[in-house]
Amino acid sequence: DYGPEFRTHLASHKWPTFPKDKKYSPAHVMDEVVKQIRTEEEQEFFPYDDNHFTSCFYYYNTSAITQGSGSSKHNVTSSNWQYSRRVFEWTYMRPCVVIKRDDSTQSYKVRIKNRPGLPKDQILPKGTLHFVTKIPRYAIHFSNTMYTTDQHILEAFRHHIGIPDEIFPEQWKDLKHQLSSEGEGEGEAETKTDGLNDEL
């Protein structure tokens with residue numbers, strides 16, 4: 001029970017409605033239902049919703065990178081995905097684009113991207129196209145595009161949660177009396193000081 005004020009506002013809240021053709025699924029739901037991720041080429045004909053993009057758990061290890069032939073604009077590098085206990089830390093999750101899928105092994109070739117907040121040793125050098133092969137499905141997740149989750153809906157219900165006084169022990173409610181007593185003491189001290197200043 002969050003209090004009568006919360007209940008009143010909740011009962012009178014006007015919930016938002018969305019067009020029937022506008023579909024929305026949170027990223028965690030996509031992870032549960034999508035078993036096979038579409039490649040970049042497949043998404044040209046069957047794209048995912050705008051509020052989703054793919055992310056990969058990947059630890060960028062410069063010592064395991066193979067140098068490829070690049071254009072004048074890009075430095076092409078590649079590596080195989082390596083399992084480690086640390087690779088599934090959220091620090092190492094980053095945007096990626098699925099380039100190719102091996103249906104026989106359910107592994108993927110992806111292009112890795114940078115994101116804000118990466119550790120310095122995980123940032124791809126500027127102008128680098130970095131490809132990772134043999135990355136398993138469980139290392140690829142759907143992420144929500146910024147500001148597209150439910151909490152960002154302008155018409156969403158927002159209200160502070162009330163806490164009734166009776167749930168607190170009486171011994172915890174002495175702060176108000178203490179502040180009141182201190183305030184009275186300060187007032188008396190100011191009065192005495194004012195009088196002293198008058199005498200001087």
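Chemist: Can you break down the state of the cysteines residue by residue, with the values?
Modeler: What the rule picks out here adds up to one disulfide. Here cysteine 56 connects covalently by a disulfide to cysteine 96, the sulfurs 2.0 Å from one another. Its S-S torsion of about 75° marks the bond between cysteine 56 and cysteine 96 as right-handed, since a negative value means left-handed. One end of the pair, cysteine 56, is in strand 1 (residues 52-57); the other, cysteine 96, is in strand 4 (residues 93-102), with 40 residues separating them in the sequence. For the pair formed by cysteine 56 and cysteine 96, the shared burial category is buried.

Chemist: Can you break down the pairing of strand 3 (residues 75-80) residue by residue, with the values?
Modeler: Each regular strand carries side chains that alternate between the two faces of the sheet. Here strand 2 (residues 66-67) pairs with strand 3 via two bridges, running antiparallel. Of the residues in strand 3, the one forming a bridge with glutamine 67 is threonine 77.

Chemist: Explain the nonpolar core residue by residue, including any values.
Modeler: Ranked by internal contacts, the top residues of the largest apolar core, which has 21 residues, are Ile37, Val110, Ile112, Ile135 and Ile140. Of all elements in the fold, only helix 2 (27-33), strand 4, strand 5 (107-112), strand 6 (128-136) and strand 7 (140-144) reach the threshold of two or more residues within this core. Excluding its chain neighbours within four sequence positions, the residues that come into contact with isoleucine 135 are Cys56, Phe57, Trp81, Gln106, Ser107, Tyr108, Val110 and Ile140.

Chemist: How would you summarise the side chain of serine 143 if you had to cite specific residues and measurements?
Modeler: By the element assignment, serine 143 lies in strand 7. One polar contact links serine 143 to serine 55, side chain to side chain, over a distance of 2.8 Å. Other than its neighbours up to four places away in sequence, serine 143 contacts Ala27, Asn51, His52, Phe53, Ser55 and Met93.

Chemist: Explain the packing of aromatic side chains residue by residue, including any values.
Modeler: Per the counting criterion, the structure on display carries 13 aromatic pairs. Plain terms: the ring middles of tryptophan 81 and tyrosine 83 are 6.5 Å apart, the flat faces sit at 55° to each other, and that makes the pair tilted. Among the residues examined, tryptophan 81 registers a relative accessible area of 9% and is labelled buried. What makes tyrosine 83 exposed here is its relative accessible area of 55%. Taking the centre distance of 6.1 Å and the plane angle of 50° together, the rings of tyrosine 83 and phenylalanine 88 count as tilted. Each residue in the set Phe57, Trp81, Tyr83, Phe88, Trp90 and Tyr138 is aromatic and connected to the rest through ring pairs, giving one cluster.

Chemist: Which residues make up the sheet that holds strand 6, and what values go with them?
Modeler: Read across the open sheet, the seven strands follow the order 2-3-6-5-4-1-7; overall the sheet is mixed. Of all strands in the sheet, those bounded by a partner on one side alone are strand 2 and strand 7.

Chemist: Just give me the short version of unusual backbone geometry, but keep the residues and values in it.
Modeler: Positive phi outside glycine occurs at glutamine 106, with the angle close to 55°. By secondary structure assignment, the location of glutamine 106 is in the loop between strand 4 and strand 5. Residue class for glutamine 106 comes out partly exposed when judged on its relative accessible area of 29%. Even without being a glycine, lysine 134 presents a positive backbone phi close to 60°. Residue classification places lysine 134 among the exposed residues on the basis of a relative accessible area of 58%.

Chemist: How would you summarise the pattern of salt bridges if you had to cite specific residues and measurements?
Modeler: With the rule as written, the count across this model stands at three salt bridges. The salt bridge involving arginine 101 is made with glutamate 42; its shortest N-O contact spans 3.0 Å. Of this pair, arginine 101 sits in strand 4 while glutamate 42 is found in the loop between helix 2 and strand 1, placing the two residues 59 residues apart along the sequence. For arginine 101, a relative accessible area of 17% puts it in the buried group.

Chemist: Lay out the pairing of strand 4 in plain terms, naming residues and giving numbers.
Modeler: Within strand 4, seven of the ten residues are buried, which leaves it mostly tucked inside the rest of the structure. Two elements, strand 1 and strand 4, share three bridges in a ladder whose sense is antiparallel. Bridge assignment links cysteine 56 to a residue of strand 4, and that residue is arginine 94.

Criteria and thresholds
Residues numbered from 1 in each chain as written. Predicted model: local features only at pLDDT ≥ 70, side-chain atom pairs only at ≥ 80, totals over all residues. Heavy atoms only, no water. Disulfide = S-S within 2.5 Å. Helix = DSSP H or I, 4+ residues; strand = E, 2+ residues; numbered from the N terminus. Buried < 20%, exposed > 50% of the residue type's maximum accessible area, 1.4 Å probe, protein only. Pairing = 2+ DSSP bridges. Core = buried A, V, L, I, M, F, W, Y, C linked by side-chain atoms within 4.5 Å. Contact = heavy atoms within 4.5 Å. Polar contact = N/O pair within 3.5 Å; in protein donor to acceptor, adjacent residues only side chain to side chain. Phe/Tyr/Trp six-rings, centres within 6.5 Å; stacked < 30°, edge-to-face > 60°. Salt bridge = Lys/Arg side-chain N within 4 Å of Asp/Glu carboxyl O.

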